[in-house]
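# Topology and contacts: notes
Listed below, chain by chain, are the residues.
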Amino acid sequence: MKQKFLLLSAVCFCAGVAEAQIKAYAITGSQKGSSNWSEVRLVDASTGDELKTIYQNSQEIEKLNARTGKPIAKNEMASVGFKTTAPKAEQDITVITQNGNTRTIFVRKAAGHSRHIQTDAPFATSSAALAYDKKHDRLYYTPMGINELRYIDMKSKTTKVYYFEGEAFGALKSRGDVQNQITRMVIGADGKGYALTNNADHLIQFETDKKPEVKDLGALIDDPANGNHSVHSGNNYGGDMIADAQGNLWLITAGRRVYKIDMKTLVATFKGSIKGLPAGFSTNGAIVEKNGEASVIVCSSTSTQGYFRFDLNTLQSEKVTTTEKVYNASDLANGNLAFSKKKKKDDPKEEIETPKEPQEEEAAPTKPTTPATEFQKKGTDKVAQIEGTISVYPNPVTTGVTKIAFKDHPSGRYQVQVIDISGKLLSTHAININNKLQVEQITLPSYIAKGSYMVKVINQENKVVSANPIIVQ
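Just so it is clear, the model here is predicted, and its values are computed rather than measured. (Residues numbered from 1 in each chain as written. Predicted model: local features only at pLDDT ≥ 70, side-chain atom pairs only at ≥ 80, totals over all residues. Heavy atoms only, no water.)

What the protein contains, in helices and strands, is 2 helices and 36 strands. Looking at the protein as a whole, 52% of its 473 residues are labelled buried. Taking all contacts inside the protein whose residues are at least 6 apart in sequence as the whole, residues at least 24 apart take part in 53%. Just so you have it, the protein exposes about 22,900 Å², and 47% of that area is on carbon and sulfur atoms. (Helix = DSSP H or I, 4+ residues; strand = E, 2+ residues; numbered from the N terminus. Buried < 20%, exposed > 50% of the residue type's maximum accessible area, 1.4 Å probe, protein only. Contact = heavy atoms within 4.5 Å. Areas by Shrake-Rupley, 256 points an atom, 1.4 Å probe, with all protein chains shown as cover.)

Listed below in structure tokens is the structure:
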């Protein structure tokens, strides 16, 4: 009986250990501390241990066209044979594949020498954007220096990587085009994939079903409350995205800042900065710890000292891993969604749990205090109830230039008016709207003084469709 009890205890203990695992796919280097982001591992974020090798840079694998299932056209430049004048010059080479498609690769060479380079390697030019598709058991990713979507088929007995050959995935112009590199990717609650460029000017949506389509949804729009914390700032490059059950995306930048992205409006709201992380710890990868919860696990591409969890409600962090050294990674993925759906006791309908406002260490600036009603008292027309949104940013305006984002407005000619608090018309701008999402830049008159103003938008039927107060500083 005693032996049976001990055996049962051991089984229970092992089961408890298994349940405590926090599984995450990670893009890593060949070993802990390296930074050649060309390998994929399944790791336990609670210990930092590797659970399974998904892809190694040295292994031979099948590389297939995602549309046809046939082997991809070889893009091996076995003897480039040109000379460079700079000791380490970077050159762009356009490769014409067997099916007539073209793509640009980036080769670095020593002066006077050619170099053998295989551009069809799955992680050529490294990657920092990974998303796990639970439905199809795939790992989607894109190399940083090649604007092409790819995925690893996890259901296959042998490792297979599928390429969307010759199909542009983003706006990357060259490997040095850092602002247009894609470093953030996630699968949303709708089952679609989303990828974001460093400068947040391109949010790309891709289907994951049989006939996947790729769409550029356009630029994210700063919430007016963001103030100096614009999502487009160079300080917000890198990082990762997670998704919640409400259909929103959450951006965690490499600089620890957190933004909530409303997918209905593409407005990004600054929530604050993660607190309690070690000095020098960049937040490059992120996963939701458990499906439906607010706990997020983050890793660093530069630090091997551990993985950390933080709460989306408080932004307070703590160390998760128990080992002294973990795999530093450029990205993490696991497919979990934050904030699960809950049912009310008296209502059979599902209600989505909404996150609380975080108590931020680096608090977001408050919205402009000058209300639109102040302008309405001066005779501003009533705003027509028309579908679609119009956002004006940045606000406050500090450079004399502001942007107006039109989303889901009928095509046609619009007039943008800048009005002072007395109701005086200061400037008029004519704009033609032709796209579902269109951003226009407006330069304010040079003589405008610091203070409160109104930006009014009038459609071709002479109806006011938007009236947004702004502050000029």
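Another point: the packing of aromatic side chains. One pass over the full model with this rule turns up 12 aromatic pairs. Arranged with centres 5.1 Å apart and planes meeting at 50°, the rings of Tyr 140 and Tyr 151 form a pair that is tilted. Of this pair, Tyr 140 sits in strand β10 (residues 138-143) while Tyr 151 sits in strand β11 (residues 150-153), and the two are 11 residues apart along the sequence. Classification of Tyr 151 as buried rests on a relative accessible area of 6%. Taking the centre distance of 5.3 Å and the plane angle of 50° together, the rings of Tyr 259 and Phe 270 count as tilted. With Tyr 259 in strand β20 (residues 257-262) and Phe 270 in strand β21 (residues 267-273), the pair connects residues that are 11 residues apart, well separated along the chain. Each member of the pair, Tyr 259 as well as Phe 270, is classed as buried. Grouping aromatic residues by their ring pairs yields a cluster made of Tyr 140, Tyr 151, Tyr 162, Phe 164, Phe 169 and Phe 206. (Phe/Tyr/Trp six-rings, centres within 6.5 Å; stacked < 30°, edge-to-face > 60°.)

Looking now at the pattern of salt bridges. The full count for this structure, using the stated rule, is 10 salt bridges. One salt bridge in this structure joins Arg 41 and Glu 39, with 3.1 Å as the shortest N-O distance. Like Arg 41, the residue Glu 39 is buried in the burial classification. Of the charged contacts, one joins Glu 167 and Arg 67 as a salt bridge, the two residues approaching to 2.8 Å between their closest N and O atoms. In this pair, Glu 167 sits in the loop between β12 (160-163) and β13 (182-187) while Arg 67 sits in the loop between β4 (62-65) and β5 (76-77), placing the two residues 100 residues apart along the sequence. Residue classification places Arg 67 among the partly exposed residues on the basis of a relative accessible area of 40%. Among the charged side chains, a salt-bridge network with shared partners connects Glu 39, Arg 41 and Glu 50. (Salt bridge = Lys/Arg side-chain N within 4 Å of Asp/Glu carboxyl O.)

Looking now at the side chain of Ser 34. In this fold, Ser 34 is placed in the loop between β1 (23-28) and β2 (39-44). Residue classification places Ser 34 among the buried residues on the basis of a relative accessible area of 14%. Polar contacts involving the side chain of Ser 34 include one to the main-chain amide nitrogen of Ser 30, which spans 3.1 Å. Within the structure, the side chain of Ser 34 is placed 2.7 Å from the backbone oxygen of Gln 31, a separation counted as a polar contact. Setting aside residues no more than four positions away along its own chain, Ser 34 makes contact with Gly 29 and Asn 328. (Polar contact = N/O pair within 3.5 Å; in protein donor to acceptor, adjacent residues only side chain to side chain.)

This part is about the environment of Ala 329. Tracing the sequence through the fold places Ala 329 in strand β26 (residues 329-333). By relative accessible area, Ala 329 is classed as buried at 0%. Ala 329 sits 296 residues away from Gly 33 along the chain, and the two C-alpha atoms are 9.0 Å apart. Those residues in contact with Ala 329 that lie beyond four places of it in its chain are Ala 26, Ile 27, Thr 28, Trp 37, Asn 284, Cys 299, Ser 300 and Ser 301.

On to the sheet that holds strand β19 (residues 249-252). An order of β17-β21-β20-β19-β18-β27 is seen for the 6 strands of this open sheet, with the pairing classed as mixed. Edge positions in the sheet fall to β17 (221-222) and β27 (337-338), since each has one partner strand and no second. Relative to β20, β19 runs antiparallel, the two being bridged by 4 bridges. Bridge pairing in β20 places Trp 250 opposite Lys 260. (Pairing = 2+ DSSP bridges.)

Positionally, Asp 44 belongs in strand β2. Despite its burial, Asp 44 pairs with no opposite charge; the closest candidate is Lys 23, at 8.9 Å N-O. Reaching out from Asp 44, the side chain makes a polar contact with the side chain of Ser 46 at a distance of 2.6 Å. With near-sequence residues (within four places) excluded, Asp 44 lies in contact with Gln 21, Ile 22, Asp 49 and Leu 51. (Lys, Arg positive; Asp, Glu negative; His and termini not counted.)

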